[in-house]
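Each chain, written out:
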Amino acid sequence: MSTSTSIRSSVAMMAPYTKGHRFAIVSGIILGIIAVFGQAAALNVFGKFIDDVIVPADFSAFPHVAILYAVISVAMIASGCVSQVALASGGEGVVRSLRSELFRRIMSMPASFFDRNEPGDLLTRIDSDVDEVEVFAVSGIDTAANAVFQVVVFTGMLVWLDPELTLVALVIVPVVLIATKLLGRRMAAVEAEARRRASNLMGVAEQSVNGEADARAFGWVGALTRRFDEEGRHAQAAAVKETRVGQVLEAVGILAVVVAALAVIGFGVYQLSSRTITIGTLTIFLGFLMELYEPITDLGSLGASGAAAAVSAGRINEIFTAENTTPEPAAPGPAPATPTDLRFDAVTFSYPGRARVLDAVSFAVRPGEVVALVGDSGAGKSTIARLAHRDYDPSGGRVLLGGRDLRTLCSSTVTGNVAVVNQFPALLDTTIIENVRAARPRAGRDEVDSAIRAVGLDDVAAAFPEGLETQVGPHGRGLSGGQRERVAIARALLCRAPVLILDEPTNGLDQASVTDFTAMIAALPGDRAILLITHDQAVARCADRLLVLSHGRVAAQPTPTPLAPRRAMTPARLPRRALAPVASQAGNSSTPVSPPDRWL
Ligand SMILES: Nc1ncnc2c1ncn2[C@@H]1O[C@H](COP(=O)(O)OP(=O)(O)OP(=O)(O)O)[C@@H](O)[C@H]1O
Ligand SMILES: [Mg+2]
């Protein structure tokens, strides 16, 4: 990609995010340009020092030249400093805006996106790729504007001081331009490799840190460390290569100035001998030539940072343009009236590039009904939960909520009406109660307490010194598997969705807790439609109906005879918390609610 194309792609990406920061950026650039003029003026005054004060050894001219020099220098330094602060504030603002938008975009993607993209790679895009684009597109624009102005102003000064000497000095420019263009191309390839390697390294780190328990248990630590080290070597080599090409690019700029300075000194001495130039003029001519070194190398390395930014802009764009496989409907239909049912109508589905998982699956879960879904591991039970939550769209058939195809509802309607407690629920790194409240932050304390009591979390929390205010730790690691499951179910209950899907809810629960759980399900307010995915026969028996998923098809089975212990689960025997109704009935929590008839 050429420098101009990379400039265009990065600037185009950044442009919308400069809103609110444009004043700071533009004033930073203008002040930077003022500083360039100050630099040129200061150098000219310095020439006066040589010709009017030093060469004639005349002190009388010193005070006013000195004052002029000091005033110009202070103005130049002040505008340079304020320019840098303004640009930093604008640039950081742009970074924050782009980063937040990218984060929002990632978090709004459906689950299928996360099935395809590696977390470590996504983190690299949010972090270093955004920085890279900013460094070029905001700070880089300032550097470029400044450099161009410096080149124009200083070259103008050279021509004004001595046109012949300028011709001698600039003869090297075409060589520099060709060299930087060729090296810029190489830089783009090297940059892309460096980004890819850095991202791989983050990927290995992320997977290893997340799976550290298994890594230790199965002795993978050594292998993972070696893999991390190996990726680290590749990343190191790519970074060194990047620096090497960058340095060559910079060296071309330095060499150009050195060659030009030597040519100028040679020709300048000849002019001095023929008295067509003064020492002062030759000195400031050389001064301007040396000042050209920085902007020329800046412009040269702009190609390099442009190449890096173009690679990063491309990686960020991949996220912004990633296909949303479950797009929002153009004109979303109204939310279904509650209570509502969930229906699969001849649903066929396969994951991309995989064999068919569901084959014309049809079933319904009606309000007030608990339906158990069982089947072999890998049969597609969790896939049904994902389709009900519109993580994916079916390849054939329809998933209906209250008779409305999920594809016609906006995502907030779907998530607000279908609560899924995943097989591996994720907890936030905060307190137990905040994790429950996360489902509905505006819920009243009585509703939160009610949900907590319904799953026996109050008893769990009572064992901790800080009760419900106990921190659950990263990924909920401060709680047992069963305790995490309870938090996740309480959270789902609080969100009041009329359809509740519980995927292996008794995972990690002991037998007594499983018994409590089935009682809790029985005590839920009657109008929820509940789909219970389970391998546990005792749990399946608490359902009104049983669906068996096998070979991609669902078959209804007669409801199994309730187990003896369930018959014994009368209100008198059930723990009171298990019988507490959920949501807004906390005031009556001391009044046991009889399990529905199906239990007796
Ligand atoms: N994200 C995915 N991409 C590709 N294939 C997947 C994905 N998730 C699941 N599968 C495949 O789809 C099939 C059904 O998986 P699913 O998780 O629905 O099974 P399950 O019935 O819930 O199993 P289990 O009882 O073990 O939880 C499996 O063959 C699985 O390998
Ligand atoms: Mg599953």
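Shown above is the structure to which this text applies.
Residues numbered from 1 in each chain as written. Chains lettered and ligands numbered in written order. Predicted model: local features only at pLDDT ≥ 70, side-chain atom pairs only at ≥ 80, totals over all residues. Heavy atoms only, no water.

### A closer look at the overall build of the protein
Right, on to step 1. Helix and strand counts for the protein come out as 21 helices and 10 strands.
Right, on to step 2. Within the protein, buried positions represent 48% of all 600 residues.
Right, on to step 3. A separation threshold of at least 6 residues defines the contact pool for the protein, and within that pool the share at least 24 residues apart is 79%.
Right, on to step 4. Split by element, the accessible area of the protein, about 28300 Å² in all, is 61% carbon and sulfur.
Right, on to step 5. Each charge sign in the protein was given a centre, from 54 positive and 58 negative side chains, and these centres are 8 Å apart. (Helix = DSSP H or I, 4+ residues; strand = E, 2+ residues; numbered from the N terminus. Buried < 20%, exposed > 50% of the residue type's maximum accessible area, 1.4 Å probe, protein only. Contact = heavy atoms within 4.5 Å. Areas by Shrake-Rupley, 256 points an atom, 1.4 Å probe, with all protein chains shown as cover. Lys, Arg positive; Asp, Glu negative; His and termini not counted. Charge placed at Lys NZ, Arg CZ, Asp CG, Glu CD.)

### Focus: the state of the cysteines
Right, on to step 1. Taken as a whole and judged by the stated rule, the model has 0 disulfides.
Right, on to step 2. No disulfide involves Cys410; its nearest neighbouring cysteine sulfur is the one of Cys495, lying 15 Å away. (Disulfide = S-S within 2.5 Å.)

### Quick notes on the sheet that holds strand 10 (residues 553–557)
Right, on to step 1. Taken together, the 6 strands give an open sheet; going across it, the order is 6-7-8-3-9-10, and neighbouring strands pair in mixed fashion. Each end of this open sheet is capped by a strand with a single partner; those strands are strand 6 (418–421) and strand 10. Across this sheet, the average inter-strand angle for adjacent strands is 20°, counted without regard to direction.
Right, on to step 2. Both strand 3 (residues 370–375) and strand 8 (residues 529–533) contribute to a ladder of 4 bridges, which runs parallel. Residue pairing across strands places Val371 opposite Leu531, the latter belonging to strand 8. (Pairing = 2+ DSSP bridges. Axes fitted to C-alpha atoms, helices over the stretch in contact; angles between N-to-C directions.)

### Topic: the site of ligand 1
Right, on to step 1. Near ligand 1 lie 15 residues; those nearest to it are Ser377, Gly378, Lys381, Thr383 and His535.
Right, on to step 2. The contact in question runs from an oxygen atom of ligand 1 to an N or O atom on the backbone of Ala379, over 3.2 Å.
Right, on to step 3. Within the contact set of ligand 1, an oxygen atom lies 2.9 Å away from a backbone nitrogen or oxygen of Gly380.
Right, on to step 4. Burial of ligand 1 by the protein chains amounts to 70% of its free accessible area of 640 Å².
Right, on to step 5. In terms of residue count, helix 12 (residues 381–388) provides more of the shell around ligand 1 than any other element does, 4 residues in total.
Right, on to step 6. Looking at the shell around ligand 1 residue by residue, the classes come out as 3 nonpolar, 7 polar and 5 charged. (Near = heavy atom within 4 Å. Polar contact = N/O pair within 3.5 Å; in protein donor to acceptor, adjacent residues only side chain to side chain. Nonpolar A, V, L, I, M, F, W, Y, C, P; charged D, E, K, R; others polar.)

### Looking at the nonpolar core
Right, on to step 1. In this structure, Leu457, Leu493, Leu502, Phe517 and Met520 are the most contacted members of the largest nonpolar core, which totals 45 residues.
Right, on to step 2. Here this core gets 7 residues from one element, more than from any other, and that element is helix 17 (residues 481–494).
Right, on to step 3. Counting 32 residues, the second-largest nonpolar core is a separate cluster that includes Phe344, Val371, Ile501 and Leu531. (Core = buried A, V, L, I, M, F, W, Y, C linked by side-chain atoms within 4.5 Å.)

### Digging into the packing of aromatic side chains
Right, on to step 1. Applying the stated criterion to the full structure yields 13 aromatic pairs.
Right, on to step 2. Between the aromatic rings of Phe46 and Tyr69, the centroid separation amounts to 6.2 Å while the plane-to-plane angle is 45°, which identifies the pairing as tilted. In this pair, Phe46 is assigned in helix 2 (residues 22–54) and Tyr69 in helix 3 (residues 62–107), connecting sequence segments 23 residues apart.
Right, on to step 3. Judged by its relative accessible area of 36%, Phe46 is partly exposed.
Right, on to step 4. The structure contains a cluster of three or more aromatic residues connected by ring pairs, namely Phe46, Phe49, Phe59, Phe62 and Tyr69. (Phe/Tyr/Trp six-rings, centres within 6.5 Å; stacked < 30°, edge-to-face > 60°.)

### Observations concerning helix 12
Right, on to step 1. With 6 of its 8 residues buried, helix 12 lies for the most part within the structure.
Right, on to step 2. When we look at burial in helix 12, the residues that qualify are Lys381, Thr383, Ile384, Ala385, Leu387 and Ala388.
Right, on to step 3. Downstream of helix 12 by one or two residues, Arg390 has phi in the positive range, about 55°.

### Thoughts on the pattern of salt bridges
Right, on to step 1. One pass over the full model with this rule turns up 27 salt bridges.
Right, on to step 2. Across the pair Asp52 and Lys48 runs a salt bridge whose closest N-O atoms are separated by 3.7 Å. Of this pair, Asp52 and Lys48 are both found in helix 2, 4 residues apart, which corresponds to roughly one turn of the helix.
Right, on to step 3. Of the residues examined, Asp52 reaches a relative accessible area of 32% and is grouped as partly exposed.
Right, on to step 4. Since its relative accessible area comes to 43%, Lys48 is described here as partly exposed.
Right, on to step 5. Across the salt bridge formed by Asp359 and Arg553, the nearest N and O atoms sit 3.6 Å from each other. Taken together, the residues Asp359 in strand 2 (residues 356–365) and Arg553 in strand 10 connect sequence positions 194 residues apart. (Salt bridge = Lys/Arg side-chain N within 4 Å of Asp/Glu carboxyl O.)

### Quick notes on the environment of Ala439
Right, on to step 1. As for its position among the elements, Ala439 is in the loop between helix 14 (432–437) and helix 15 (445–454).
Right, on to step 2. Among all residues touching Ala439, those that are not within four sequence positions of it are Arg491, Leu494 and Cys495.

### Section: the sheet that holds strand 5 (residues 404–405)
Right, on to step 1. Strand order in the open sheet formed by 4 strands is 2-1-4-5, and the pairing between neighbours is antiparallel. Each edge of the sheet is formed by a strand with only one pairing partner; in this case those strands are strand 2 and strand 5.
Right, on to step 2. Pairing of strand 1 (residues 342–350) with strand 2, which is carried by 6 bridges, proceeds in the antiparallel orientation. By the bridge assignment for strand 2, Arg343 is matched with Ala364.

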